[in-house]
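Descriptive structure summary
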2 protein chains.
Amino acid sequence: MPPQLSTSSAPCCTLCPFRPACRLACGNAASLMPRTVTLRAGDVLYIQGRAARAVYPIRAGGVKQVFETGIGWRQVSGFLQPGDVCGLEAHEADAHDATVIALQDTECCAIAVETLRPMLRDDPGIRAAVVAMQRRHARRQAELLVAIGSMKAAQRLAMLLLDLAAEQARRGVADGVLTLAMTRNDIASYLGLTLETVSRLLSRFGAAGLIIVRQRKLRIVDPDGLAAVHADGDAVAAPAPPAAAQAGPPAIP
Amino acid sequence: MPPQLSTSSAPCCTLCPFRPACRLACGNAASLMPRTVTLRAGDVLYIQGRAARAVYPIRAGGVKQVFETGIGWRQVSGFLQPGDVCGLEAHEADAHDATVIALQDTECCAIAVETLRPMLRDDPGIRAAVVAMQRRHARRQAELLVAIGSMKAAQRLAMLLLDLAAEQARRGVADGVLTLAMTRNDIASYLGLTLETVSRLLSRFGAAGLIIVRQRKLRIVDPDGLAAVHADGDAVAAPAPPAAAQAGPPAIP
DNA sequence: CGCGAAGTTGAATGGGATCAAAGCACGTGG
DNA sequence: CCACGTGCTTTGATCCCATTCAACTTCGCG
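In what follows, the accompanying structure is described. It should be emphasised that the depicted structure is a prediction, and the values quoted were computed from it without experimental measurement.

The next thing to look at is the interface of chain A and chain B. Listed as interface residues are 30 residues of chain A and, on the opposing side, 30 residues of chain B. Between chain A and chain B, the buried area comes to about 2,700 Å², and carbon and sulfur atoms account for 65% of it. It is Trp73(A), Arg135(A) and Leu145(A) that lose the most area in chain A upon contact with chain B, and together they represent 23% of the buried surface on that side. Summed over the shared surface of chain A and chain B, the result is two salt bridges. Here Arg135(B) and Asp97(A) are joined by a salt bridge, their closest N and O atoms 3.8 Å apart. Inspection of the region where chain A meets chain B yields four residue pairs in polar contact (both at pLDDT 80 or more). Elements supplying a minimum of two residues to the side of chain A that touches chain B: strand E4 (63-68), helix H3 (124-150) and helix H7 (223-232) of chain A. Here the side of chain A that touches chain B takes twelve residues from H3(A), the largest share from any one element. Considered class by class, the residues forming the side of chain A that touches chain B number 13 nonpolar, ten polar and seven charged.

Below, the structure written as structure tokens:
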């Protein structure tokens, strides 16, 4: 077993919708060999409003999507991880509808629209995968809208944590240790809160035994409890003093 | 000139994306003759999660979209007017992604997916119109997300009013009298507020001379002022007592 | 080691929610 | 025609959750 790589796993294409047509992923010499792009934390992949010339499947790392309204109000609108695809709007619009910024060292492919469009026309499998991806994104956005519109802060944060864990499970990671590549500020923006509130809630979740947090490493200890918080909001109220002997699980490795 | 119809104008197809292929709209005998549906206030057009067998262009009246999350939290997610199309997700999904309920007496067409799909395949014009409609909807949802996530109540309401006015202008109505078919509660749900807050803000906007409200009739007096409220939020703060002689415009006709 | 960015924690404030009570429009039936 | 009931709206008083302001700690990196 090789030594552990940085914090994220090596480039992973297993969830990429373009995998069957991609030489990087399946090795077929006759297939597409996409250009790749590498980004460092803070680098901008593309900017909202600029011409959309490609879509960008993420191979490793992580990015945030930032949306800016017509009058200049910005908000984080999503976090994308390996297996997700940035800029899918390119296949039916000519401009990007959000800005994408790397949260950590990130590697992604770039598939030009001139390559993409024939692929979508000719391959029903890929087309279906892309449509499915768009619908998942729309559904998540609708759920987020309701969360921000009518749920309390604790519910929103619980939702995000469960969401991140589900995403992680979807890409096959077994142990429940999440790495939050984004800052507290990014999380707060995404959830319509402030960074202080996010920090306080993470501490409170930790005190309640739902999670273990240490900086950007997070382990979900009690998924059912988190789900209860998401559904109820008052499930974790006062930071009850943990009495005496409570040999909780050791800190995150 | 016939006497004025109820409160909304007669069935209007001028903005319908399917107009060029529709006998109701263009009179071409060889074209499609869609089935029509009539609803009374409160009637349900379709329900989230049920099989999507058709799309429903609205000819007259108005409806609200209601989205329900996986754990049963509901929120109004949009208001649709004549020229809009309900259930457009049908062309790539097999289930409706929201519930649609009539706000008033409403008339709409029903175009079965079996009819829709060939139409979209063969007619680039219609396809483009449908894509444009979906993108406008996505953009509006993103703006709403930022508004609910980080704007104050007054800003959100100003945004909605300006939006409704713009929609009305888009369908060619000249005088600026809006008819709010939805209740204060619907507005509040859509904006992530409570009905009391919406009511108070409408009164405050009225006192500030931005609008004239009386029940569900609303006239925008000062669009620029409203835009300032949308951008700033503090533009209309204290309900300043209107001093003395201020012969404001007469009540809404 | 020292600096800046990110995170934690506390205390005070405020905006919107909640609770409560009238007021108003509209349909229904006496 | 008017009395009545119901649902929607308005307005007031109070409360509470999240924001704001501020101080301090921790981490990452030159």
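Turning next to the relation of the copies chain A and chain B. For the match of chain A to chain B, the screw axis carries a shift of 0.0 Å, the RMSD comes to 0.0 Å, and the turn is 180 degrees. In short, the pair behaves as if placed about a two-fold rotation axis. Minimal C-alpha distance to the rotation axis in chain A is attained by Leu145(A), lying at 3.0 Å. Here 100% of the interface residues in chain A have copies in chain B that are interface residues too; the copies meet face to matching face.

Turning to the environment of Leu45(A), a few remarks are in order. All names here are of chain A. With respect to the secondary-structure elements, Leu45 resides in strand E2 (residues 44-46). Each C-alpha atom, one on Leu45 and one on Arg219, is 30 Å from the other, the two residues being 174 residues apart in sequence. Non-local contacts of Leu45, meaning those with residues more than four positions away in its chain, are made with Val37, Leu39, Tyr56, Cys86, Val100 and Cys108.

Taken together, 17 residues surround DNA strand D, and among them Ala153(A), Thr197(A), Arg184(B), Ser199(B) and Ser203(B) come closest. The share of sugar and phosphate among atoms of DNA strand D within 4 Å of the protein is 65%. At 2.5 Å, a side-chain N or O of Ser203(B) approaches a phosphate oxygen of DNA strand D. A distance of 3.3 Å separates a phosphate oxygen of DNA strand D from a polar atom in the side chain of Arg216(B). Listed by contribution, the elements that provide at least two residues to the surface near DNA strand D are helix H6 (195-207) of chain A together with helix H6 (195-207) of chain B. A per-element tally of the surface near DNA strand D places H6(B) first, with four residues. Residues that form the surface near DNA strand D fall into these classes: two nonpolar, seven polar and eight charged.

Turning next to the packing of aromatic side chains. All names here are of chain B. One pass over the structure, following the stated rule, counts four aromatic pairs over all chains. Summarising the aromatic geometry, the rings of Phe79 and Tyr190 are spaced 5.1 Å apart at their centres and angled 50 degrees between planes, so their arrangement reads as tilted. With a gap of 111 residues between them, Phe79 in strand E5 (residues 74-80) and Tyr190 in helix H5 (residues 184-191) connect regions that are remote in the sequence. Relative accessible area serves as the criterion here: at 11%, Phe79 is assigned to the buried category. Note on Tyr190: relative accessible area 4%, which makes it buried.

Now for the side chain of Gln65(A). Among the secondary structure elements, Gln65(A) is positioned in strand E4. When residues no more than four places from it in sequence are discounted, the contact partners of Gln65(A) are Gln75(A), Val76(A), Ser77(A), Gly78(A), Leu80(A), Ala98(A), Thr99(A), Val100(A) and His137(A).

All names here are of chain A. With a phi close to 55 degrees, Gln215 is a non-glycine residue in the positive phi region. Secondary-structure assignment places Gln215 in the loop between strand E10 (211-214) and strand E11 (217-220). According to the relative accessible area criterion, Gln215 is exposed, its value standing at 62%.

Residues and elements named next belong to chain B. With five of six residues buried, strand E4 (residues 63-68) is to be regarded as a mostly interior element. As defined by bridge partners, E4 adjoins E5 across six bridges and the pair is classed as antiparallel. Within the sheet, the bridge partner assigned to Glu68 lies in E5 and is Arg74. Counted between consecutive antiparallel strands, the loop separating E4 from E5 contains five residues, among which Gly72 sits at a positive phi close to 85 degrees.

Residues and elements named next belong to chain A. Their axes nearest at 10 Å, the elements H3 and helix H4 (residues 153-170) cross at an angle of 160 degrees. Classed by the angle they form, the pair H3 and H4 counts as roughly antiparallel. Of the two possible hands of crossing, H3 and H4 adopt the one that is right-handed. Along its contact with H3, which presents Arg136, Arg140, Glu143, Leu144, Ala147 and Ile148, the element H4 presents Arg156, Met159, Asp163, Glu167 and Arg170. Considered class by class, the residues forming the contact of H3 with H4 number four nonpolar, no polar and seven charged.

This next bit is on the protein's contact with DNA strand C. What surrounds DNA strand C is a group of 16 residues, the closest being Arg184(A), Ser199(A), Ser203(A), Ala153(B) and Thr197(B). For DNA strand C, a phosphate oxygen lies 3.2 Å from a polar atom in the side chain of Arg216(A). Here a phosphate oxygen of DNA strand C and a backbone polar atom of Ala153(B) are 2.7 Å apart. Examining the composition of the surface near DNA strand C, we find that four residues originate from one element, H6(A), more than from any other. Class assignment for the residues of the surface near DNA strand C results in two nonpolar, six polar and eight charged.

Our focus in this paragraph is the nonpolar core. In terms of nonpolar packing, the biggest core is built from 73 residues, with Leu161(A), Phe205(A), Ile211(A), Leu161(B), Phe205(B) and Ile211(B) touching the most fellow members. Counting residues per element, this core draws most heavily on H4(A), at eight residues. Setting aside residues up to four positions removed in sequence, Ile211(B) forms contacts with Leu161(B), Leu202(B), Phe205(B), Gly206(B), Leu218(B), Arg219(B), Ile220(B), Val221(B) and Leu226(B).

The rules behind these values
Residues numbered from 1 in each chain as written. Chains lettered and ligands numbered in written order. Predicted model: local features only at pLDDT ≥ 70, side-chain atom pairs only at ≥ 80, totals over all residues. Heavy atoms only, no water. Contact = heavy atoms within 4.5 Å. Buried area = accessible area lost by both parts, 1.4 Å probe. Salt bridge = Lys/Arg side-chain N within 4 Å of Asp/Glu carboxyl O. Polar contact = N/O pair within 3.5 Å; in protein donor to acceptor, adjacent residues only side chain to side chain. Helix = DSSP H or I, 4+ residues; strand = E, 2+ residues; numbered from the N terminus. Nonpolar A, V, L, I, M, F, W, Y, C, P; charged D, E, K, R; others polar. Least-squares fit on C-alpha atoms with pLDDT ≥ 70 in both. Near = heavy atom within 4 Å. Phe/Tyr/Trp six-rings, centres within 6.5 Å; stacked < 30°, edge-to-face > 60°. Buried < 20%, exposed > 50% of the residue type's maximum accessible area, 1.4 Å probe, protein only. Pairing = 2+ DSSP bridges. Axes fitted to C-alpha atoms, helices over the stretch in contact; angles between N-to-C directions. Parallel < 35°, antiparallel > 145°, perpendicular 65-115°, else oblique. Left-handed = near helix turned anticlockwise from the far one by under 90°. Core = buried A, V, L, I, M, F, W, Y, C linked by side-chain atoms within 4.5 Å.

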